[in-house]
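Tertiary structure, described
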Amino acid sequence: MVEILTQTCIGCGRCVADCFPRNLFLSDGKAHVKRVCMECGHCFAVCPTGAVRISGYPEDGVMELKDAPAADGEALLALIKSRRSIRRYQDRPVPDEVIARVLEAGRFTPTGGNRQDVRYVVVRAALPRLRELVWESLERLLESEDWSEGPRRRYRATLRLMARAHRADPANDGLFFSAPALLLVLSSAPLDGALAASTVELMAHAQGLGALFSGFIHTALAASGEACALLDIDPAQLCACLLLGYPDVTYRRTVPRKSTQVRWL
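The present account deals with the structure reproduced in this document. Remember, it's a predicted structure, so these values are computed and weren't measured experimentally.

1. Things to note about the pattern of salt bridges
Enumeration over the complete set of coordinates arrives at eleven salt bridges. For E201, the salt bridge goes to R83, with nearest N and O atoms at 2.7 Å. Of this pair, E201 sits in helix α7 (residues 190-206) while R83 sits in the loop between α3 (73-82) and α4 (96-107); the two residues are 118 residues apart in sequence, bridging distant segments of the chain. We classify E201 as buried; its relative accessible area is 7%. In this structure, R129 and E132 form a salt bridge, with 2.7 Å as the shortest nitrogen-oxygen distance. Within this pair, R129 and its partner E132 are both found in helix α5 (residues 127-142), separated by three residues, close to a single helical turn. Judged by its relative accessible area of 33%, R129 falls in the partly exposed class. One continuous salt-bridge network, built from bridges that share partners, spans D60, E104 and R107.

Written out as structure tokens, the structure reads:
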């Protein structure tokens, strides 16, 4: 709930002007709250004297923007262009603090209606068993009618070859690529989860990690009741699966892309 510290409020009206639900008003030279709101935090961010508090929200990630590093558009674009989908990983664990830093970027990614309902599962100790269950599930899917038609059909032959190679040699893993961690992104709103996953993946790259969005792991995991039970997740809320680890490959340049498709009206 939003609270105005009246002893600190100077009545400038900035919070009132920036509150799009019109939940704030000025009276007797002070800002006041009409009702319970969506707690978007605009009033908190715009107040020049820090007179706004939002109960139930830790302020450990809050920074004064005057003290923040200057944003460099060219550097950000270079970071976006330089990221690659990584399928070669070092045999090296990712420290907890590095993953926590990556997830901090997800924490501050916008969500619809300020739901903030995105959740994460970091799979490391359970990864060996999960690999077995996901491979078993994928092999079942490859024999199902759902994979005999439509867009999945074109992957079927390739995945069957991958599965055959994995059965012959479990170290030949064309799904998990010996990555030391798997990150699951969950949300009741698919777009919220997708936005957070994208931000997390970019932050992972900035932290020197490699990541891979795996639709195959996502599909096979969601279809395995045993795998979902192992991780205690609702498959209907699974938005993305990202392999994480330190890359065992160095890329020398960015890659070409098709021209942007845009209409100016």
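2. As for a nonpolar patch on the surface
Taken together, the side chains of L76, L77 and I80 define a hydrophobic patch exposed on the protein surface, amounting to about 250 Å² of accessible area. A relative accessible area of 43% means that I80 is categorised as partly exposed.

3. Quick look at the nonpolar core
Judged by nonpolar contacts, the single largest core of 32 residues is most densely connected at L130, F176, L182, L184, I217, L221 and L243. Elements with a minimum of two residues in this core: α5, α6 (153-168), β6 (181-186), α8 (215-222), α9 (225-231) and β8 (238-245). With eight residues, α5 is the largest single contributor of residues to this core. Setting aside anything within four residues of it in sequence, one finds L184 in contact with R119, Y120, V121, V123, L221, L231, I233, L238, A240 and C241. With 19 residues, the next largest nonpolar core counts V102, V118, A196 and A240 among its residues.

4. Quick look at the side chain of T109
Relative to the elements of secondary structure, T109 occurs in the loop between α4 and β5 (119-123). Among the residues examined, T109 registers a relative accessible area of 9% and is labelled buried. Among the polar contacts made by the side chain of T109, one reaches the side chain of T199 at a distance of 3.1 Å. Residues contacting T109, with those up to four places away along its chain left out, are L195, A196 and T199.

5. A few points about the pairing of β6
Across the six residues that make up β6, a large majority, six, are buried. Of the two faces of β6, the one carrying A181, L183 and V185 and the one carrying L182, L184 and L186 are both buried. As paired strands, β5 and β6 are joined by five bridges and run antiparallel to one another. Directly across from R119, in β6, lies its bridge partner L186. Judged from the six bridges that link them, β6 and β8 form a sheet pairing that is antiparallel. When the bridges of β8 are listed, L184 appears paired with C241.

6. Side note on the packing of α5 against α8
Packing of α5 against α8 brings their axes to within 8 Å, and their N-to-C directions diverge by 85°. Classified by the interaxial angle, the pair formed by α5 and α8 is roughly perpendicular. Packed against α5, whose contacting residues are L130, V134, S137, L138 and L141, the element α8 presents I217, T219, A220 and L221 at the interface. Across the contact of α5 with α8, the residue classes break down as seven nonpolar, two polar and no charged.

7. Some points on the packing of aromatic side chains
This structure, assessed with the given rule, holds one aromatic pair. Arranged with centres 5.3 Å apart and planes meeting at 80°, the rings of Y155 and F216 form a pair that is edge-to-face. Taken together, the positions of Y155 in helix α6 and F216 in helix α8 put the pair 61 residues apart, joining distant regions of the chain. Residue class for Y155 comes out partly exposed when judged on its relative accessible area of 33%. Taking relative accessible area as the criterion, F216 reaches 27% and is therefore assigned partly exposed. In this structure, R92 is placed above the aromatic ring of Y246, and the distance from its NZ or CZ to the ring centre is 3.6 Å. One Lys or Arg, R131, reaches over the ring of F176 and ends 6.0 Å from the middle of that ring.

Criteria and thresholds
- Residues numbered from 1 in each chain as written.
- Predicted model: local features only at pLDDT ≥ 70, side-chain atom pairs only at ≥ 80, totals over all residues.
- Heavy atoms only, no water.
- Salt bridge = Lys/Arg side-chain N within 4 Å of Asp/Glu carboxyl O.
- Helix = DSSP H or I, 4+ residues; strand = E, 2+ residues; numbered from the N terminus.
- Buried < 20%, exposed > 50% of the residue type's maximum accessible area, 1.4 Å probe, protein only.
- Patch = residues over 30% accessible without salt bridge, like charges linked within 9 Å, V, L, I, M, F, W, Y side chains within 5 Å.
- Areas by Shrake-Rupley, 256 points an atom, 1.4 Å probe, with all protein chains shown as cover.
- Core = buried A, V, L, I, M, F, W, Y, C linked by side-chain atoms within 4.5 Å.
- Contact = heavy atoms within 4.5 Å.
- Polar contact = N/O pair within 3.5 Å; in protein donor to acceptor, adjacent residues only side chain to side chain.
- Pairing = 2+ DSSP bridges.
- Axes fitted to C-alpha atoms, helices over the stretch in contact; angles between N-to-C directions.
- Parallel < 35°, antiparallel > 145°, perpendicular 65-115°, else oblique.
- Nonpolar A, V, L, I, M, F, W, Y, C, P; charged D, E, K, R; others polar.
- Phe/Tyr/Trp six-rings, centres within 6.5 Å; stacked < 30°, edge-to-face > 60°.
- Lys NZ or Arg CZ within 6 Å of the ring centre and 35° of its normal.

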